[in-house]
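Single-letter residue listing:
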Amino acid sequence: MNELMLQSGQRLMTGFSGTTPPKELIQTVKKYKIGNYILFAENIASARQLRQLCAALRDMAISETGMEPLISTDQEGGRVQRLPKDIINTPSAREIAAANSIENAYSIARHIAETLRELGLNYDLAPVMDIDGNNGSTVIGDRSFGTDAETVSRFGTAMIRGMRDGGVLTCAKHFPGHGGTGVDTHLSLPIIDTGMDELAATALVPFERAIEAGVGSIMTTHIVFSRLDKSYPATLSRAVIDELLRKGLSYSGMIITDCLQMGAIASHYGVSEAALLSMKAGVDMFTISHDCAAAGRAALLISQALERGETSMAEHETALNRIAEAKRWLNTL
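Quick caveat, the model's predicted, so the values are computed rather than measured.

## Things to note about the packing of helix α2 (residues 23-32) against helix α12 (residues 292-308)
Relative orientation and spacing of two packed helices are given, respectively, by the angle between their axes and the distance between those axes.
Reasoning step 1: With their axes 9 Å apart at the nearest point, α2 and α12 run at an angle of 5° to one another. In this view, α2 runs roughly parallel relative to α12, as classed from their interaxial angle. Contact with α2, carried on its side by Glu24, Leu25, Thr28 and Tyr32, involves Cys292, Ala293, Gly296, Ala299 and Leu300 of α12 and no other residues of that element.
Reasoning step 2: For the contact of α2 with α12, the class distribution of residues is six nonpolar, two polar and one charged.

Printed below as a string of structure tokens:
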């Protein structure tokens, strides 16, 4: 087995169609050793089926990679819930904050986590730590806890603690903040000219609090912050990932991309190619949510770049250690 391919596959998360692992996914995992998976509503028909699917994914990952997989979903509550509502149905972030109870927020988050864990998932891509820009856009809207840093920080960190205590890896998203634009990154590439001083006083505050609360991972956003990096969106920007998040906020945990198939990235950089660019920026894991073949190609590009010495082997090994540490934490629960 090519060791670099095995390592590269650990840095990918991919999704698929259907309620059982399709042939294309199985073949891709065999060839490219993709070690982590994301589920959407289309993958989930019932609690029983979901348990069987997660068990099959886990068996496949262990058989082909020798390692436990991260099996994730976006179970935020409100309008972003991937599990059927007859399994779990929780309020939106905005509704949780409106109840004005930290204990309630914690309890809801723990309930989400315990439900996911019981069904075989171990990674919730939540909570949203963006401040709602109050610009009338529904891209973030009620997915945010509020329109100010304090509200988002208080309730977001309560959710992080509840999910962590419930046994799943958490994810603060979308760094360094998606609330300042009404442009949907699923469709196009937004540009924000907010300066560092304003970011530090607003959008970055909830992420700082999330780090202090022990969040399991942080997800990047596909937005160009032109005063930080005129050339690349945050997901592909070393200025944002390494200089701001790693060094500026002293974050040493796992960083994961939002889906690289979204229009903001795919139409400008290419899906698989963006994974390599993101790696060079300092991201640990790359999400390709609906195309396992593209994830396989990304793993190939990454392994080839490492073999040619085009990207830092030391940073690659550090990223692998962060991913392994997240998995070790899950396996000690």
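## Observations regarding the pairing of strand β9 (residues 217-220)
Reasoning step 1: The alternating pattern of β9 places Ser217 and Met219 on one face and Ile218 and Thr220 on the opposite face, and all of these are buried.
Reasoning step 2: As paired elements, strand β7 (residues 172-175) and β9 share two bridges and run parallel to each other. The partner of Ala172 across the bridge, within β9, is Ile218.
Reasoning step 3: Strand direction decides the pairing type here: β9 and strand β11 (residues 254-256), joined by three bridges, are parallel. Residue pairing across strands places Ile218 opposite Ile255, the latter belonging to β11.

## Notes on helix α1 (residues 3-10)
Reasoning step 1: Across the eight residues of α1, seven count as buried, placing the element largely inside the fold.
Reasoning step 2: Taken as a whole, α1 has its buried residues at Leu4, Met5, Leu6, Gln7, Ser8, Gly9 and Gln10.
Reasoning step 3: Residues of α1 that are buried sit in contact with β1 (12-14), α2, β2 (36-39), α3 (47-65), α12 and α13 (313-331).
Reasoning step 4: The residue sitting at the N-terminus of α1 and contributing the capping side-chain oxygen is Asn2; that oxygen lies 2.8 Å from the backbone nitrogen of Leu4.

## A word on helix α8 (residues 204-212)
Reasoning step 1: Those residues of α8 that sit buried are Leu204, Val205, Pro206, Phe207, Ala210 and Ile211.
Reasoning step 2: Elements in contact with the buried residues of α8: α6 (149-166), β7, α7 (196-201), β9 and α9 (238-248).

## A few points about unusual backbone geometry
Reasoning step 1: With an omega of 10°, the peptide bond between Ala126 and Pro127 qualifies as cis.
Reasoning step 2: Checked against the element boundaries, Pro127 lands in the loop between β6 (123-124) and α6.
Reasoning step 3: In this chain, Lys173 is followed by His174 through a cis amide linkage whose omega measures 10°.
Reasoning step 4: Its place among the elements puts His174 in strand β7.

## As for the packing of α1 against α13
Reasoning step 1: For the pair α1 and α13, the least separation of the axes is 10 Å and the interaxial angle reads 55°. As the angle between them shows, α1 and α13 are arranged oblique. Crossing hand, α1 versus α13: left-handed. Where α1 approaches α13, its residues Leu4, Gln7, Ser8 and Gln10 are matched on the opposing element by Met313, His316, Leu320, Ile323 and Lys327.
Reasoning step 2: Broken down by class, the residue content of the contact of α1 with α13 amounts to four nonpolar, four polar and one charged.

## Comments concerning the nonpolar core
Reasoning step 1: Within the largest apolar cluster, 86 residues are counted, with the highest numbers of intra-cluster contacts made by Leu12, Leu39, Leu57, Phe175 and Ile218.
Reasoning step 2: Of the residues forming this core, the biggest block, eight residues, is contributed by α12.
Reasoning step 3: In contact with Phe175, other than residues within four places in its own chain, are Leu204, Phe207, Ile218, Met219, Thr220, Thr221, Ala234, Val240, Leu244, Leu245 and Leu249.
Reasoning step 4: Within the second largest apolar cluster, 15 residues are counted, among which are Met13, Leu70, Ile256 and Met285.

## Brief notes about the packing of aromatic side chains
Reasoning step 1: This structure, assessed with the given rule, holds two aromatic pairs.
Reasoning step 2: Centre to centre, the rings of Phe175 and Phe207 are 5.2 Å apart; their planes meet at 85°, and the pair counts as edge-to-face. Taken as a pair, Phe175 in strand β7 and Phe207 in helix α8 lie far apart in primary sequence, 32 residues in all. Per residue, the accessibility class of Phe175 equals that of Phe207, and both read buried.

## A closer look at the sheet that holds β6
Reasoning step 1: In space, the five strands of this open sheet follow the order β6-β3-β2-β1-β12, with parallel pairing throughout. On the outer flanks of this sheet lie β6 and β12 (286-288), each paired with one strand and no other.
Reasoning step 2: One ladder, built from two bridges, connects strand β3 (residues 70-73) with β6; its direction is parallel. Residue pairing across strands places Thr73 opposite Asp124, the latter belonging to β6.

About the thresholds
- Residues numbered from 1 in each chain as written.
- Predicted model: local features only at pLDDT ≥ 70, side-chain atom pairs only at ≥ 80, totals over all residues.
- Heavy atoms only, no water.
- Axes fitted to C-alpha atoms, helices over the stretch in contact; angles between N-to-C directions.
- Helix = DSSP H or I, 4+ residues; strand = E, 2+ residues; numbered from the N terminus.
- Parallel < 35°, antiparallel > 145°, perpendicular 65-115°, else oblique.
- Contact = heavy atoms within 4.5 Å.
- Nonpolar A, V, L, I, M, F, W, Y, C, P; charged D, E, K, R; others polar.
- Buried < 20%, exposed > 50% of the residue type's maximum accessible area, 1.4 Å probe, protein only.
- Pairing = 2+ DSSP bridges.
- Polar contact = N/O pair within 3.5 Å; in protein donor to acceptor, adjacent residues only side chain to side chain.
- Left-handed = near helix turned anticlockwise from the far one by under 90°.
- Core = buried A, V, L, I, M, F, W, Y, C linked by side-chain atoms within 4.5 Å.
- Phe/Tyr/Trp six-rings, centres within 6.5 Å; stacked < 30°, edge-to-face > 60°.

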